[in-house]
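Residue strings, one per chain:
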Amino acid sequence: GSSSSPRAHPETTGGVWDETPVQRSRGNDSSPEQNGQAPTAHPQVVENEEDEDEEMTLKYGAKHVIMLFVPVTLCMVVVVATIKSVGFYTKNDGQRLIYTPFPEETDTVAQRAVNSILNATIMITVIIVMTLVLVLLYKYRCYKVIQGWLFLSSLLLLFFFSYIYLKEVFKTYNVAMDYFTLAIIVWNFGVVGMMCIHWKGPLRLQQAYLIMISALMALVFIKYLPEWTAWLILAVISVYDLLAVLCPKGPLRILVETAQERNEPIFPALIYSSTMVWLVNMADIERPNRNSAEVGLPQQNTHGEAVASPAPASPSPDDGGFTSTWINQQQHQLGPLQSTEETRREIQQMPSARPPVEDDDEERGVKLGLGDFIFYSMLVGKASATASEDWNTTLACFVAILIGLCLTLLLLAIFKKALPALPISIFFGLVFYFATDNLVRPFMDKLALHQFYV
Amino acid sequence: MNLERLPNEEKLGLCRKYYLCGFACLPFLWLVNVVWFFREAFRKPAYTEQTQMKTYVKRSALGLLFWFTVLTTWITIFQHFRAQWGAVGDYLSFTIPLGTP
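Just so it is clear, the model here is predicted, and its values are computed rather than measured.

I'd like a description of the overall build of chain A, backed by residues and values.
Per the secondary structure count, chain A includes 13 helices and four strands. Here chain A holds 454 residues, and the buried ones make up 55% of them.

Rendered as structure tokens:
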């Protein structure tokens, strides 16, 4: 029988922003103006300080780029490893999400193209609606609703999806497992995950959990989005990301500005932080606030998760055992299905000058939203699942995404405000994927055929 | 969350909460408790709350050991005798491997 379709996947915000104190990188422009004058000791000292400042900014930048590379790489590795070994996630069961009701197994290419465009349109509309709902909820101070929503989403992800994942892994490796041990494993994994993410827990464990849930979500997307739809969605999402974060009327920008006006953190975030996030996750915000802390708090935001409840398309006879009443009940309980994307980014205006923080430097770091993790991994996973030339394409996409991330972080260091993390990476990833698949592969094949080594 | 930043009472409170919650069939939580608070409880120079923290860490470790033995024995028994139990074995199984045992 077909496996049950997953019900919901929470999403978290994405986006990249930096917490280092703004240090205007001043160039070494003092000396050239002093033509003909021997540089005095004073300008030299100033120059050295400026050099140090610049160096510090760059050092932060490089260190934190590396700190983000590791989790992004880990997430992608997990996704690719699962795709390659567990057949479930690449097998086409005929199930689809309700967001993508148009099938792609059509007779003509034109029909397929139309279907995938329609699917992508539906999905992006859902996402936009969800983002707007979230912004409205936030504007009208319905914090409890948002928190409950987030809580339920992560609950579902940590318990239900990991249960399915474990089941498929055990099936793949032909291991017998009894219900008792399974219950213990899933219960432990889920509860400790909830504690680490929503309450207090060791940083490494929290980071590990965030990586794992991002990987789980990416796997769900890879399984349930048909091919052309997936690529289209990735492209459209990047554009939406760009618009939502940078345009003055963008919903995410409004969200963050409202948060800053009210001078409060949005809500417990699902953001991956390269350093400790004690400012965010502390339940007691009335800690003695240093300047940095107060400024820091509104920065830790993510917007909730989008819980998209993928119920199989009702016309499809294969509904995986979920009757329509159950589906309706789920929707009723979980609330409207949310988009994934609103998870992402936030814009924040970094204050122009901040007093240096008394905390040590490790406190601040770059944050990346989980939505970005999910889409990066989805791109690489899809590439490894469907590309004809096995590892070349996967590796090419992987490198492309990391390059994009590097560039995004570089822009972050330059502009010092929150930026959308998706567009550059996804754009590069898509370009590399299609180029490698369609140009490099035949090239390599031809070369191998003629035994010509370059 | 960085333990360095917390005052000692809060560390103790956190250790205690992790210890108590572990009784809900959560050996993993006890493991986290032991690993996370080990250095705090045993390697740091003494402070008032540390004695209490030590008891919590020790008890978490004991509970962890207990669960570990229980689970290992159960898993060994199950894996070994599953095929022989026939219908009961199938009923208990979540995934049944293919092929002959």
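Any chance you could break down helix H2 (residues 109–139) of chain A for me, citing the residues and the numbers?
If you check H2 of chain A, its first and last C-alpha atoms are 45 Å apart, about what 31 residues at 1.5 Å a residue would give, namely 45 Å. Two residues or fewer past H2 of chain A, Arg141 of chain A is found with a positive phi of approximately 60°.

Quick one: what's the story with the environment of Arg43 of chain B, residue by residue and with numbers?
Residues and elements named next belong to chain B. Following the sequence through the fold, Arg43 ends up in helix H2 (residues 27–43). Classification of Arg43 as exposed rests on a relative accessible area of 59%. Between the C-alpha atoms of Arg43 and His80, which are 37 residues apart in sequence, the distance is 42 Å.

Give a description of the nonpolar core that names residues and reports values.
Residue and element names in this part refer to chain A. By size, the foremost hydrophobic cluster in this structure holds 113 residues, and its most contacted members are Tyr376 and Met378. If you tally residues by element for this core, the top one is helix H5 (residues 203–224), at 14 residues. The residues touching Met378, leaving out its near neighbours within four places in the chain, are Ala218, Phe221, Ile222, Leu225, Ala230 and Leu234. Ranked by size, the runner-up nonpolar core spans six residues in total, among them Leu166, Phe170, Met177 and Leu182.

Residues and numbers for helix H1 (residues 8–21) of chain B, please.
Residue and element names in this part refer to chain B. A rise of 1.5 Å per residue sets the reference length of H1, with its 14 residues, at 20 Å; its end C-alpha atoms lie 20 Å apart and thus fit the reference within 8%. For H1, the set of buried residues is Lys11, Leu12, Leu14, Cys15, Tyr18 and Tyr19. Considered in projection along H1, the buried side chains sweep an arc of 160° and stay on one side of the axis.

So what's going on with the packing of aromatic side chains? Residues and values would help.
If you walk through the whole model with that rule in mind, you get 21 aromatic pairs over all chains. Centroid distance Trp36 of chain B to Phe37 of chain B: 5.1 Å. Interplanar angle 55°. Geometry classified as tilted. For Trp36 of chain B, a relative accessible area of 13% corresponds to the buried category. Among the aromatic side chains, those forming a connected cluster through ring pairs are Trp199 of chain A together with Tyr18, Trp36 and Phe37 of chain B. Stacked on the ring of Trp391 of chain A, the Lys or Arg Lys84 of chain A has its end atom at 5.0 Å from the ring centre. Directly above the aromatic system of Tyr224 of chain A lies the positively charged group of Lys223 of chain A, at a separation of 5.5 Å from the ring centroid.

Can you break down the interface of chain A and chain B residue by residue, with the values?
Taken together, the contacts link 34 residues of chain A with 31 residues of chain B. Viewed at the interface, chain B and chain A are joined by zero salt bridges. In this assembly, chain A and chain B are joined by eight residue pairs in polar contact (both at pLDDT 80 or more). When residues of the side of chain A that touches chain B are traced back to their parent elements, those giving at least two are helix H3 (143–172), strand E2 (177–178), helix H4 (179–198) and H5 of chain A. In terms of residue count, H4 of chain A provides more of the side of chain A that touches chain B than any other element does, ten residues in total.

An account of the side chain of Asp178 of chain A is requested, with residue identities and associated values reported.
The topology assignment puts Asp178 of chain A in strand E2. Buried Asp178 of chain A, no salt bridge; nearest opposite-charge side chain is Arg82 of chain B, N-O distance 8.6 Å. Engagement of the side chain of Asp178 of chain A in a polar contact is seen with the side chain of Trp74 of chain B, the distance being 2.4 Å. Beyond its immediate sequence surroundings of up to four residues, Asp178 of chain A is in contact with Trp74, Phe78, Leu92, Ser93 and Phe94 of chain B.

Pulling in residues and values, what's your account of the state of the cysteines?
This model, assessed by the stated rule, comprises zero disulfides over all chains. The thiol of Cys21 of chain B is unpaired, and the distance to the nearest cysteine sulfur, on Cys15 of chain B, comes to 12 Å.

Account for the environment of Ala387 of chain A, with residues named and values stated.
Residue and element names in this part refer to chain A. Examined against the element boundaries, Ala387 turns out to sit in the loop between helix H11 (370–386) and helix H12 (390–415). Owing to a relative accessible area of 9%, Ala387 belongs among the buried residues under this scheme. With 46 residues separating them along the chain, Ala387 and Tyr433 place their C-alpha atoms 8.3 Å apart. Excluding residues that lie within four positions of it along the chain, Ala387 makes contacts with Lys382, Thr393, Tyr433 and Asp437.

Could you give an account of the packing of H2 of chain A against helix H7 (residues 251–262) of chain A, naming the residues involved and the relevant values?
Two packed helices can be described by the angle between their axes and the distance between those axes. Residue and element names in this part refer to chain A. Across the interface, H2 lies against H7 with an axial gap of 9 Å and an inter-helix angle of 15°. Judged by the angle between their axes, H2 and H7 are roughly parallel. With respect to the hand of their crossing, H2 and H7 are arranged in left-handed fashion. Residue-level contacts link Thr131, Leu132, Leu134, Val135, Tyr138 and Lys139 of H2 to Pro251, Leu252, Ile254, Leu255, Thr258, Ala259 and Arg262 of H7. Among the residues making up the contact of H2 with H7, the classes are represented as nine nonpolar, two polar and two charged.

Before we move on, can you summarise a nonpolar patch on the surface with the specific residues and values?
A surface patch of nonpolar side chains, about 600 Å² in accessible area, is lined by Val399, Ile403, Leu407, Leu410, Leu411, Ile414 and Phe415 of chain A. Positionally, Ile414 of chain A belongs in helix H12.

Kindly report on unusual backbone geometry, identifying the contributing residues and their values.
Located in the positive-phi region is Asn174 of chain A, a residue other than glycine, with phi close to 55°. Residues other than glycine seldom take positive phi values, yet Cys25 of chain B does so here, at roughly 55°. Classification of Cys25 of chain B as partly exposed rests on a relative accessible area of 36%.

Lay out the UniProt feature "transmembrane region" (unreviewed entry) in chain B with the relevant residues and their values.
All names here are of chain B. Under the UniProt annotation, the feature "transmembrane region" (unreviewed entry) is placed at residues 17–39 and 60–81. Overall, residues 17–39 shows 78% helix and 0% strand. The separation of its end C-alpha atoms is 18 Å. Each end of residues 60–81 is marked by a C-alpha atom, and these two atoms are 31 Å apart; helix forms 100% of the span and strand 0%.

The rules behind each value
Residues numbered from 1 in each chain as written. Chains lettered and ligands numbered in written order. Predicted model: local features only at pLDDT ≥ 70, side-chain atom pairs only at ≥ 80, totals over all residues. Heavy atoms only, no water. Helix = DSSP H or I, 4+ residues; strand = E, 2+ residues; numbered from the N terminus. Buried < 20%, exposed > 50% of the residue type's maximum accessible area, 1.4 Å probe, protein only. Expected span 1.5 Å × (residues − 1). Core = buried A, V, L, I, M, F, W, Y, C linked by side-chain atoms within 4.5 Å. Contact = heavy atoms within 4.5 Å. Arc of directions from axis to C-beta. Phe/Tyr/Trp six-rings, centres within 6.5 Å; stacked < 30°, edge-to-face > 60°. Lys NZ or Arg CZ within 6 Å of the ring centre and 35° of its normal. Salt bridge = Lys/Arg side-chain N within 4 Å of Asp/Glu carboxyl O. Polar contact = N/O pair within 3.5 Å; in protein donor to acceptor, adjacent residues only side chain to side chain. Lys, Arg positive; Asp, Glu negative; His and termini not counted. Disulfide = S-S within 2.5 Å. Axes fitted to C-alpha atoms, helices over the stretch in contact; angles between N-to-C directions. Parallel < 35°, antiparallel > 145°, perpendicular 65-115°, else oblique. Left-handed = near helix turned anticlockwise from the far one by under 90°. Nonpolar A, V, L, I, M, F, W, Y, C, P; charged D, E, K, R; others polar. Patch = residues over 30% accessible without salt bridge, like charges linked within 9 Å, V, L, I, M, F, W, Y side chains within 5 Å. Areas by Shrake-Rupley, 256 points an atom, 1.4 Å probe, with all protein chains shown as cover. UniProt positions renumbered as here; feature names shortened; annotations may be inferred.

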